[in-house]
Every structure is written in C-alpha cells, then in structure tokens.
Amino acid sequence: MNRSALNFIRKLRMHHSSFKKRSVINYGDTYNVINQHEPKKSPLTFLGGVRSLASAPFYYDTDDVTESSSATAPFSLDKLYNPTEEHCQIRSLIRTFTADQVEPQANHYNKHELLNIGLFNQIQELGLDTLTLPEPYGAGMDATAVAIVHEELSYSDPGFCLAYLAHSILFINNLGLNGNKAQKDKWLLGADSSNHSEDNIRRIVGGMCMSEPGAGTDVLGMTTKATPSDDGKGWVLNGQKMWITNGTLDGKTTADVYLVYAKTGPERMDISQFIVSKGMDGFKLGQQIKDKLGMRASPTAELVFDNVFVPNENLVGEINGGALCMMRNLEIERVALAAMAIGIARRCVDEMVHYSKERKAFGKNIYKFGQIQKAIAESYAEYMAGKSYVYSVANGLDLQTQGNSLDTDGIKLYSASMAKNVADKAIQVMGGYGYVGEYNVERLWRDAKLLEIGGGTNESHHKNMMRDLARMNSLLA
C-alpha cells in the first residue's frame, strides 16, 4: 500500500467514528446537528445484510426466501470489484459514510434543488475530492477507487455525486494532471493565503466549463474566445458556457473556480484552458437552470464571460493545447459516470427484491409471479454485466495516459441505458408505490436519464466507438 493511500484510509477511519455520531444536514443557510437516526422508512433495509446487493445475495431454487438463503459474491468477481485491500477498505468506509450521511438527506435536497454544502464539506474533509492526485496534493488512488466512490455515493444520491464529480474529476483531477506546480500549489494545496486559509483548504467548490448554448457534442465548435490582452500580460475572455455543474451554489453568484475552455486561434483544434475564479471582473452568473428532470441536488447554471481579464499564469498547459487536456480527462470522467449508473442500478434491484418479498397479491408474495421474476432477474443480470464491464476497464486504466476511449465510451454507453432501464423496471414492479418519491426509484429513474446525455451523449459514444472499431482489423488484435 503506498503511503498516500495509507494516509488517506487512516483519515477515513479517523472520521468514521465522528460521522457515525452525528449528521450535518444543511437546510437553507442553517446547519442543524442532529442525533444519528435511521433513514426514512423505505422498502429497503439500507446497505448490508441479505436485503442488499452490497452483500451480493444469491437466492437458491426454493419458494421460501429466508436470511439463510444468501451467499457472498464469487471470489473472482470480488477481486474484480475490489482488486486490493485498499479498495476493499475504501468501499467499506464510503459505504458506511453514504448510509449514515448521504441517505438521510437525499430526498430533501433533491426536492428543493439544493446542493448540501455541509455534506460537500465533509467529503472534502475526508480528502475524497483529491482522491486521484499524488502526494503532496492527494491520496494517489487509481481509476478503480474513483469507480468505487462514485458507485457508492450514487446508491443513495446521484445528484449530490454529480456535484462531487464536477469538483473532483472535472476541476481537481484535470488541474492536477495538466496544471503546473504554481497552479496546483495555489488551488490544490490552498497555499495562496489571500484566497484560502488552512482552515478552509478544501472548502472551495470548482467545476469545468466546456459546453455552450450552441455547442454540446460538437465541442470543438465552441465560440467562447480568449484573445491576448494589449499589454501582453494575459487574455481577454468573452462568451457563454451552458449546463455547468456547480455553476452556482446559491442561485445568485458563481461557485469559486473553474477550468474554462476557449478558442485561442483560427483552427478548429485551437482551444486553450484557463483558470477563472469568482470575483474576476466581467465573470458572472447568467442564470441557474431550474426545474430539471433529475440530478436536482446538483446545481446547474449558465456562466457569462464579458471581457474577463485572465492573467498569463492562469493558462493551463500550452496555448492551443486545451484539446489534449480535454481528452486526458474525458476517460476518467466517463468511468465515474458509468460507475454512477452502477450505483443507481444496484439500488433499484435492491428495492425491487425487497418490495417483492413484502408485497402480496392473490394470496402470495409477488416475487413468486413469473412477470416479477423476469423483471428482477433480467435487471440483476444487466446490472452485473455492466458492473463487470466498468471495473474491468477501470482496473486497467492509467490516469496519466489516454487512448482507452473505445471502452470508456463503451462502459458509459451500456451502463447509462442499463441503469435507466433497470429503474424503469423497478417502477413497474412496485406499481403506484414506485411512482412516488418516498420509494426512491422514481428519483433514480430521473437521475439515470442524465447519464445518457451528460458527459457525452449516447450518440457521441456511437460515433466515437465506431471510429475506433473501424481502425481495428479484429477485436482479437
């Protein structure tokens, strides 16, 4: 176990006991510290025991389902999902954190379209936002750890997890991979005391700005431009960015810092990446995007750049080298999004199984009816196929390189639609109860739909994968 990972796990363990004692739930501007309590009653006994796929139950060929009729996952699959002891410990600790802290607040914050800043700060306190960065910036963990954290958080609250992804992967991992030492020291260590102190070193919330009102999948068609300033000391940024996760925290101002892509030359690939922080003249919130179908605990906004002066030291990477920065980060982003889909699917299967064991119709439990068996069995098989694909890709992904787009596109393409379809089956199995918020699966269905659009549409994955497949002579090559 490397020293960074060991220190990270020790930190998780240290905070574990304090998090079990209390839950911080931020309602509006007030932080209420409440005694730890059981989550709101749900058809699922949360996380653990035979009622959860967390323990990978297998029901044998019998009409009577009891607690003794369960088994753990086959050893080979367990090693796929948790290849090292480090990964096992991280999954266990994040699973407990999710049960104690994320689950109780999920419905409230999604209903009111708010990001739980108190909970977000807990994530930062644990060091989860710098999970992939090497020392001295972070834990030095790998793509598999990224998948584990996103799967576990999304089991309870995909919306909150998406806000975490935008901060930890789209901003922090991107800057850690592409930024210079001065930039990383300032924004990832909090070394600039004029912006951060030791007490709030991890309290900034960041994001990434790529999509525009007229440029989504055709990202290289962006129109936001950065032109050299007259004095040669920086760049002047003009344009708009749309659908920005963490674009605002309060509906009035921007969040703290963003990596912004802009055109810096006449050619299609002439794109550069800049650090733009809150308070820069001309940088402002355009509008918060409200009333989204799903992912409502993740704030989304339009950001406006009106003659924003960006100093030269805020250029990330080389001039016109932004496309490379973008490609380097896309692969791990898609692993994280695919893992979110796995968490959604696992929760939906758990909910279906438990509901079908409790609900009776025509004098017997509904899991004994063939239609219900079909829906749940197929959902489980699809979930397991997606999970195995995601972790097989994550286990082999090198965060320092690129060139794995065929399968990082593939896992997101398959898993996103799989999660939505499994959530749809869960609603159908649970009938009217599945259609209302108390039973969670309708929220998960709404959240899952975004995964077919954000971070690359299904259609963009089709295009990318066909491009890569056309270059191959054989899948065995």
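Residues numbered from 1 in each chain as written. Predicted model: local features only at pLDDT ≥ 70, side-chain atom pairs only at ≥ 80, totals over all residues. Heavy atoms only, no water.

Describing the overall build of the protein
The condition that has to hold: The numbering of helices and of strands both runs from the N terminus, where a helix is a DSSP run of H or I of at least 4 residues and a strand a run of E of at least 2. Buried, partly exposed and exposed residues are distinguished by accessible area as a fraction of the type maximum, computed with a 1.4 Å probe on protein chains only: under 20%, between the cut-offs, and over 50%, respectively. The contact definition used throughout considers only heavy atoms, calling two residues in contact when any of these lie within 4.5 Å. Accessibility throughout is a Shrake-Rupley quantity obtained with a 1.4 Å probe, and a residue counts as covered only by protein chains that appear here.
Assigned secondary structure in the protein consists of 13 helices and 12 strands. Out of the 477 residues in the protein, the part that is buried amounts to 57%. In the protein, the share of contacts with a sequence separation of at least 24, taken over all contacts with a separation of at least 6, comes to 73%. A total of about 20300 Å² of accessible surface is found on the protein, and carbon and sulfur atoms cover 52% of it.

Brief notes about the packing of aromatic side chains
Worth spelling out the cut-off: In this scheme Phe, Tyr and Trp rings, the latter by its six-membered ring, pair at centre separations within 6.5 Å, and the angle between planes marks the pair as stacked below 30 degrees, edge-to-face above 60, and tilted otherwise.
Per the stated rule, a full pass over the model turns up 9 aromatic pairs. Each ring, one from F362 and one from F369, has its centre 6.3 Å from the other, and the planes form 70 degrees; the classification is edge-to-face. With relative accessibility at 81%, the residue F362 sits in the exposed group. Taking the centre distance of 5.3 Å and the plane angle of 55 degrees together, the rings of Y433 and Y439 count as tilted.

Structural notes on the packing of helix α9 (residues 322-358) against helix α12 (residues 441-450)
Note the threshold: Axis angles are defined between N-to-C directions and span 0 to 180 degrees, where every axis is a line fitted to C-alpha atoms and, for a helix, only to the segment in contact. Should an angle fall under 35 degrees it is taken as roughly parallel, and over 145 as roughly antiparallel, whereas 65 to 115 is taken as roughly perpendicular and any remaining angle as oblique. Note on convention: the crossing is left-handed when the near helix lies turned anticlockwise from the far helix by less than a right angle, right-handed when the turn is clockwise.
Following both chains from N to C, one finds α9 and α12 inclined at 155 degrees, their axes separated by 10 Å at the closest point. In terms of their interaxial angle, α9 and α12 are classed as roughly antiparallel. Along this stretch, α9 crosses α12, giving a crossing that reads as left-handed. On α12, the residues touching I344, R347, C348 and E351 of α9 are V441, L444, D447 and A448.

Re the nonpolar core
What counts is decided by this rule: Nonpolar cores are built from buried Ala, Val, Leu, Ile, Met, Phe, Trp, Tyr and Cys residues. Side-chain atoms within 4.5 Å join them into one set.
In terms of nonpolar packing, the biggest core is built from 122 residues, with F8, I90, Y164, L237 and F305 touching the most fellow members. Excluding residues that lie within four positions of it along the chain, Y164 makes contacts with F120, I123, L128, D129, L131, V149, H150, L153 and I169.

Points about unusual backbone geometry
Between E135 and the following residue, P136, the backbone shows a cis peptide bond with an omega angle of 5 degrees. If you trace the backbone, P136 turns up in the loop between α5 (117-126) and α6 (143-154). The residue W243 is not glycine, and still its phi comes out positive at about 65 degrees. Note that W243 resides in strand β5 (residues 234-245).

Let's talk about the environment of G386
For G386, the location among the structural elements is in helix α10 (residues 370-395). Taking relative accessible area as the criterion, G386 reaches 0% and is therefore assigned buried. Here the alpha-carbon distance between G386 and A345, two residues 41 residues apart in the chain, equals 9.3 Å. Not counting chain neighbours up to four residues away, the residues in contact with G386 comprise I342, Y414, S415 and M418.

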